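Single-letter residue listing:
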Amino acid sequence: MKMAIKIDGNVAIDNSRGLPDVGDMTGTFGAFFPNVTTLTSSATISVSTNNPCMTLTLGQSATLDATTGITGQTATLLLDTSASAYTPTFNSDFTFSPSEPTWADHRYWVISLFCKGSGTGDIVVFANGYDA
C-alpha cells in the first residue's frame, strides 16, 4: 500500500512517488549521481556550472574561463595537473576563497564552483589538493 507523504498538510511525495510541487528543474542525473563531463585539455578551457561534475587532465598549462552560469548553480571539477605538473590559470570569471592555491603543491584537485551571480568574478571557487 502506497501512502503520500505530507509536510504541514501539503503533499511532498504523492502516491506515485512523484514530487508534485517541484517544477522548473533541469539536469541529467543517473542513480542520484551527476553525469560526468570530460573536458578536453587545450590552451583555453571553458568551464560551465551547467555541468554538475567535470574532469580535466591537463596536457599543457591552460587558462580556464567560465561560460555564463545561473545564480545558485554548483559544480565540481576534478583536476589532474598530470605528472608534468601543468599549471591552470583561472581568469577573472573566478574568485577563490580564501585565496588561489599553489597548484604545484598537489597533482590532484577537487574544485568546488558556486555561481553567485552573472558578473565578472561571480564564480566562487574552493580548491582542495591531494596526492594519490
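Everything in this summary refers to the structure shown in the same document. This one's a predicted model, so the numbers in the text were calculated from it and none came from an experiment. (Residues numbered from 1 in each chain as written. Predicted model: local features only at pLDDT ≥ 70, side-chain atom pairs only at ≥ 80, totals over all residues. Heavy atoms only, no water.)

1. A look at the sheet that holds strand β10 (residues 88-90)
Note the cut-off: By definition, two strands form a pair when at least two bridges between them are found by DSSP. The secondary structure listing takes helices from DSSP runs of H or I that are at least 4 residues long and strands from runs of E that are at least 2 residues long, numbered from the N terminus. In this description, a line fitted to the C-alpha atoms serves as the axis of each element, helices being fitted only across the stretch in contact, and the angle between N-to-C directions of two axes falls anywhere from 0 to 180 degrees.
Spatial ordering of the open sheet is given by β6-β8-β10, a layout of 3 strands whose pairing is parallel. Every other strand in the sheet has two partners, leaving β6 (44-47) and β10 as the edge strands with one partner each. Between one strand axis and the next, the sheet turns through 30 degrees on average, direction left out of account.

2. Topic: the environment of Ala43
Note the threshold: By the convention used here, residues are in contact when the closest approach between their heavy atoms is within 4.5 Å.
Residue position: Ala43 is located in the loop between β5 (36-38) and β6. Each C-alpha atom of the pair Ala43 and Leu64 lies 8.5 Å from the other, and the pair is 21 residues apart in sequence. If sequence neighbours within four positions are ignored, Ala43 has contacts with Gln60, Ser61, Ala62 and Thr63.

3. Brief notes about the sheet that holds strand β11 (residues 94-96)
Taken in spatial order, the 6 strands of this open sheet run β5-β7-β9-β12-β13-β11, and their pairing is mixed. The open sheet has two edge strands, β5 and β11, and neither has a second partner. The mean inter-strand angle of the sheet, taken between neighbouring strand axes irrespective of direction, is 30 degrees.

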